[in-house]
Amino acid sequence: MQGEIVKSVVFSQWTTLLDRLGDALEDNHIQYDRLDGGMNRDQRSAAMAAFKADPKCEVLLVSLRAGGVGCVPLSLLFASPTS
């Protein structure tokens, strides 16, 4: 796995948890993006594009309620399987 880009998606029902995770990621200089119900379609599309295309964007934080308003489908076809 040396040199391989590993990305993670974290789902939570609680946006406060996503806020705290975001703070911890920032404290550890880990770049992330976020999808939540407060974002419009363009913001969600930009977040997904950054996560998929930017090798520095390692984590995507996703609210389970993000799908309620103009959902951007989350395709995990580029995800690595875990053991």
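See the structure shown above.
Residues numbered from 1 in each chain as written. Predicted model: local features only at pLDDT ≥ 70, side-chain atom pairs only at ≥ 80, totals over all residues. Heavy atoms only, no water.

Thoughts on the pairing of strand 2 (residues 31-35)
Consecutive side chains of a regular strand alternate in pointing toward one face of the sheet and then the other. Bridge count between strand 2 and strand 3 (residues 57-63): 5 bridges; the pairing is parallel. If you follow Asp33 over to strand 3, its bridge partner there is Leu60. On the question of chirality, the crossover connecting strand 2 to the parallel strand 3 by way of helix 2 (residues 41-53) is right-handed. (Pairing = 2+ DSSP bridges. Helix = DSSP H or I, 4+ residues; strand = E, 2+ residues; numbered from the N terminus. Right-handed = clockwise from strand over helix to strand, strands pointing away.)

Quick look at the pairing of strand 3
A large share of strand 3 lies buried, amounting to 6 of its 7 residues. Bridge analysis of strand 1 (residues 8-12) against strand 3 gives 5 bridges, and the strand direction is parallel. The partner of Val10 across the bridge, within strand 3, is Leu61. (Buried < 20%, exposed > 50% of the residue type's maximum accessible area, 1.4 Å probe, protein only.)

Observations concerning the sheet that holds strand 1
The strands making up a sheet associate through backbone hydrogen bonding, with each pair oriented either parallel or antiparallel. The 3 strands lie next to each other as 1-3-2, forming an open sheet whose pairing is parallel. Of all strands in the sheet, those with a lone pairing partner are strand 1 and strand 2, marking the two edges. Pairs of neighbouring strands in the sheet enclose a mean axial angle of 20°, with direction left out of account. Running over the sheet, helix 1 (residues 15-27) touches strand 1, strand 2 and strand 3 and is turned about 165° from strand 3. (Axes fitted to C-alpha atoms, helices over the stretch in contact; angles between N-to-C directions. Contact = heavy atoms within 4.5 Å.)

Looking at the environment of Tyr32
Here Tyr32 lies in strand 2. Sequence separation of Tyr32 and Val59 is 27 residues, and the distance between their C-alpha atoms is 4.6 Å. With residues near it in sequence (within four places) discarded, Tyr32 still touches Gly22, Leu25, Glu26, Cys57, Val59 and Leu61. At 3.0 Å, the side chain of Tyr32 and the side chain of Glu26 are in polar contact. (Polar contact = N/O pair within 3.5 Å; in protein donor to acceptor, adjacent residues only side chain to side chain.)

A look at unusual backbone geometry
Positioned with a positive phi, His29 is a non-glycine residue whose angle comes to about 55°. The exposed category is assigned to His29, whose relative accessible area is 73%.

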